Amino acid sequence: MYRQFGEVDAVGTSPLYERVAVALSESDEALRAIEAAPARKRQPTVILAALHDLALAGRAPELAAAYGAGDGDAAAGAAIDTLLRMTDLVVATAVRRPTRTIETGRCAVLYPAIAEAARRVGADSVGLVDVGCSAGLNLQVDRVGIAYSNGQSLGDPSSPVQVSTSIVGDRAIPTRAMPEVVARVGIDLDPVDVTDADEARWLHACVWPDQPERVARLEAELALAAMAPPVLLRGDAVDVLPDAVARVPADALPVVTTTWALSRFSLESRLRFLHRLDEVAAGRAVAWVSAEGVGVAPTIPTFGDRRASGHSIIGLAVFDGSVMHAEAVGRCWSRGRLMAWLADS
């Protein structure tokens, strides 16, 4: 597994991790240390993030220096030494913390769909409720600058966080602005508080150390989120959703967002989630914007696409009293790096 990661996954992307992973694969002592972790926590991305976290925390200065210098041979030696000297700490970190992938590219998909939901309901303001929020960056969607490959743009052109997305096909993205966001609420089993130094450091640790562009982007994203930190609710989405929606002012439209979150739910839980959305909409209009694999989001049409076809469906459902209208408004690929808007707006 570590040889595969070094010789395939990291090649051309991270020379440091390429060298470190291969060195770990060739060290019987290192592999025995890694086996101290539960099987699901032995993956290279998890163990390498735990080692990187120790370097960032000042607990592994030689590893930090090698990473800073971009010295693959020194990093390989320091990584093995750190792992052998601090096996218990590396394993404890790997077990305690899930790896995090921060992708504001999702905002390029969410922004036009949220704006369209507000238009259909006639809302002058919205409250965002993100399920599986992680660090809550989806909740900053209105404060990110978004450029599309066809020359269109949305969001804040002066934002420190700028994302770009390629448009597939010749259909234009609706360019209406999202109304004022008056509430930002995140739901996660293990949410990340970006204002907490240890949790912010872990997000940095999950970025490969020789990718300065990703590091700089993460720092900008965390700074943006820290300026308007969301309310974070810990728990199962089905259970917590009523509380989250109740935190949106009565005169604003609650927009619940899920981006590749429902795939972690069982079918029964996905149906319960849909039922709970219907329940919280009993006294007010509620919108649900989703970007999920084909057939994952209940009631969202699939354009007849096959499951596991490599792309996702952008869904928009509006619950208004006893009426629900669900529509597929587009397709997207690579977590929002490419998208096609297909709905009439």
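Attention in this report is confined to the structure presented alongside it. (Residues numbered from 1 in each chain as written. Predicted model: local features only at pLDDT ≥ 70, side-chain atom pairs only at ≥ 80, totals over all residues. Heavy atoms only, no water.)

## Observations concerning empty space enclosed by the protein
And then number 1: If you walk through the whole model with that rule in mind, you get 1 cavity of 30 Å³ or more.
And then number 2: Each pocket or cavity is described by its volume, and for the largest cavity that value is around 40 Å³. (1 Å grid on protein atoms, 1.4 Å probe; cavity = no way out; pocket = protein on both sides within 12 Å on 5 of 7 lines; lining within 4 Å. Points joined across faces, edges and corners; volume = space filled by probe spheres on them.)

## With respect to the state of the cysteines
And then number 1: Evaluated as defined, the whole model comprises 0 disulfides.
And then number 2: Cysteine Cys107 shares no disulfide, and the gap to the nearest cysteine sulfur, in Cys332, comes to 13 Å. (Disulfide = S-S within 2.5 Å.)

## Let's talk about the sheet that holds strand β1 (residues 125-131)
And then number 1: Overall, mixed pairing links the 11 strands, which are arranged β3-β2-β4-β11-β10-β9-β8-β7-β1-β5-β6 in an open sheet. Across the chains shown, the open sheet's two edge strands, defined by having one partner strand only, are β3 (153-155) and β6 (231-234). Strand-to-strand twist of the sheet, defined as the mean angle between neighbouring strand axes without regard to direction, takes the value 25 degrees.
And then number 2: As paired elements, strand β2 (residues 145-148) and strand β4 (residues 162-167) share 4 bridges and run parallel to each other. The residue bridging Tyr148 from the neighbouring strand is Thr165, located in β4.
And then number 3: Sheet strands touched by helix α11 (residues 237-246): β1, β5 (180-188), β6, β7 (253-259) and β8 (286-293). Its angle to β5, the strand with the most contacts, is close to 155 degrees.
And then number 4: The strands touched by helix α12 (residues 267-280) are β1, β7, β8, β9 (312-320) and β10 (323-333); relative to β8, the strand with the most contacts, the crossing angle is about 165 degrees. (Pairing = 2+ DSSP bridges. Helix = DSSP H or I, 4+ residues; strand = E, 2+ residues; numbered from the N terminus. Axes fitted to C-alpha atoms, helices over the stretch in contact; angles between N-to-C directions. Contact = heavy atoms within 4.5 Å.)

## Some remarks on the packing of aromatic side chains
And then number 1: Scanning the entire structure with this criterion turns up 5 aromatic pairs.
And then number 2: Ring geometry for Tyr17 against Trp208: centres 5.6 Å apart, planes inclined by 55 degrees, an arrangement best described as tilted. With Tyr17 in helix α2 (residues 15-25) and Trp208 in the loop between α9 (197-205) and α10 (212-227), this residue pair connects regions lying 191 residues apart in the sequence.
And then number 3: You can call Tyr17 buried: its relative accessible area is 1%.
And then number 4: By relative accessible area, which is 15% here, Trp208 ends up buried.
And then number 5: Measuring from ring centre to ring centre gives 5.7 Å for Phe273 and Trp288, while their planes differ by 75 degrees; the resulting arrangement is edge-to-face. Of this pair, Phe273 sits in helix α12 while Trp288 sits in strand β8, and the two are 15 residues apart along the sequence. We note that Phe273, like Trp288, is buried.
And then number 6: Taken together, Phe5, Tyr17, Tyr67 and Trp208 form an aromatic cluster joined through their ring pairs. (Phe/Tyr/Trp six-rings, centres within 6.5 Å; stacked < 30°, edge-to-face > 60°. Buried < 20%, exposed > 50% of the residue type's maximum accessible area, 1.4 Å probe, protein only.)

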